[in-house]
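If you want the building blocks of each chain, they are given just below.
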Amino acid sequence: MTRTLISDTVLRRRRGRILHLVALAVTVVVFAFVFLFPLYWMLTGAVKDPTELARATPTVIPESWNWDTFGTAWSELQIGKYFLNTAYYAVGGWFIQIAVDVCAAYALSRLRPWGGKVVLGAMLASLMLPATALLIPAYMTVSDVPLFGVNLLNTPWALWLPAAANAFNIYLLKRFFDQIPNELLDAASIDGAGRLRILWSVVLPLSRPVLSVVSIFAVIGMWKDFLWPFLVLQDPDTQTLSVALSRLANTSYITDSEMFAGLVIASVPMVVIFLALQRQILAGLSAGGVKG
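The notes below deal with the structure included here. Predicted, not measured: the structure shown is a model, and the values here were computed from it. (Residues numbered from 1 in each chain as written. Predicted model: local features only at pLDDT ≥ 70, side-chain atom pairs only at ≥ 80, totals over all residues. Heavy atoms only, no water.)

**A closer look at the pattern of salt bridges**
For clarity, the cut-off: Any carboxyl oxygen of Asp or Glu that lies within 4 Å of a side-chain nitrogen of Lys or Arg is treated as forming a salt bridge with it. Strands here mean DSSP runs of E at least two residues long; helices mean DSSP runs of H or I at least four residues long; both are numbered from the N terminus. Only protein chains enter the accessibility calculation, which uses a 1.4 Å probe; a residue is then buried when its area is under 20% of its type maximum, exposed when over 50%, and partly exposed in between.
If you walk through the whole model with that rule in mind, you get 3 salt bridges. Arg55 is the salt-bridge partner of Glu63, the closest N and O atoms lying 2.8 Å from each other. With its nearest N and O atoms 2.7 Å apart, the salt bridge here joins Lys81 to Asp237. Of this pair, Lys81 sits in helix H5 (residues 79–111) while Asp237 sits in the loop between helix H13 (227–232) and helix H14 (241–248), and the two are 156 residues apart along the sequence. Lys81 sits in the partly exposed class, given a relative accessible area of 32%.

**Here we look at helix H9 (residues 167–178)**
What counts, and what does not: To estimate how far a helix should reach, multiply one less than its number of residues by 1.5 Å. Residues adjacent in sequence count toward polar contacts only when both atoms are side-chain atoms; beyond that, a polar contact is any pair of N or O atoms within 3.5 Å, and within protein one must be able to donate a hydrogen and the other to accept it.
With 12 residues, H9 extends 16 Å between its outermost C-alpha atoms, agreeing within 8% with the 16 Å of an ideal straight helix rising 1.5 Å per residue. Restricting attention to buried positions, one finds in H9 the residues Ala167, Asn169, Ile170, Leu172, Leu173, Lys174, Phe176 and Phe177. Its side-chain oxygen at 3.1 Å from the backbone nitrogen of Phe168, Asn166 defines the N-terminal cap of H9.

**Focus on the packing of aromatic side chains**
Here is the rule we go by: Aromatic contacts are taken between Phe, Tyr and Trp rings whose centres are within 6.5 Å, Trp giving its six-membered ring; a plane angle under 30 degrees counts as stacked, one over 60 as edge-to-face, and the others as tilted. Distance and angle both matter: a charge sits over a ring if NZ of Lys or CZ of Arg is within 6 Å of the ring centre and within 35 degrees of the ring normal.
Applying the stated criterion across every chain yields a total of 12 aromatic pairs. Aromatic side chains Phe31 and Phe35 sit 6.5 Å apart centroid to centroid with 20 degrees between the ring planes, which places their arrangement in the stacked category. With Phe31 and Phe35 both in helix H2 (residues 14–47) and 4 residues apart, the pair spans about one turn of that helix. Judged by its relative accessible area of 56%, Phe35 falls in the exposed class. Their ring planes at 20 degrees and their centres at 6.1 Å tell us that Trp67 and Phe70 sit as a pair that is stacked. For Phe70, a relative accessible area of 17% gives the class buried. Through a chain of ring-to-ring contacts, the aromatic side chains of Phe33, Phe37, Tyr40 and Trp41 assemble into a single cluster. One Lys or Arg, Lys48, reaches over the ring of Trp41 and ends 4.4 Å from the middle of that ring.

Here it is in C-alpha cells:
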C-alpha cells in the first residue's frame, strides 16, 4: 500500500482534487520563479543600457534592448579565448575522471582486492568533508608535488589531477557494476577474455547510461568551478572563463552590461547540456539504485 500526503479518499472528492491542483500549481510557479528569475535578471541586465542598469530603482522590464552588448562583450572580454581554455580543461578533466573512476569502481566491484571495503569507506568518508577544508592541502600538493618536486600551478594538471578520483562518481559506477549479472562476466572469462577485455567489451557497453551521467557531471563540474581554478591559475593566459570574468569585472573599461553579457555567454553551454540531457541524467542516477 502506497501512503501519500493526501489520501485517496480526499482526492476522490471534487473539492479535494481542486485544492490539490491549486497547491500543485502554486508550488510549481514558486519554484520556477525562484530558479528562473536569476537567469532572467542576468539576461535583462545584459541588454539594458548601462545608465538604466545603474539606477537606484531597478527596472524589471528593460526600457531598451541592446543586443549589441553581446558582441562587444565577446571582443572586449576575449570570451573566445577563455571559452576555448575552459573547454580544453573540461574535456581533459572528463577523460581523466572517466579513466580513473571506471578503473577504481571496476576493481572495487568485480576484482574485490584485499582492503577494498576500507578504501571504499575512506572514499565515502571524504564526501563528509567540506571542500574548503581540502583547499590548503590540495594547493600545497599541486604547488610542490611530493616525491617529484614539480610545480603544477598554471598548468591543466592542477585542475585534472585533484579531480581525477571523484568519490561520488566511483560509488555511482560501483553500484551500477554490482548489478551486472555474473553469468555474463563468467561467460566472457570462459571464452578467454581477461579482466581488461571484460571491462572493455562487456562492462562498459552495458554501462552507457551511468557513464553518460558521470560524463555530464564531470564536464559541468569542471566548467562551473571557480574557487579552485582561481587559486591555481593566476596566469591570465591560462585562466578559465569564470576566473577571467571575475578578474575583468574589476577593470574600468568593462561596463556592468558587458559583464552580464559575458555571464550569459558563459552559462549557455551548461544550460543547453542540462536541458538536452536531463532524461539521461535522471535515468543514470536511478540505474544502479534498484536491483532487479
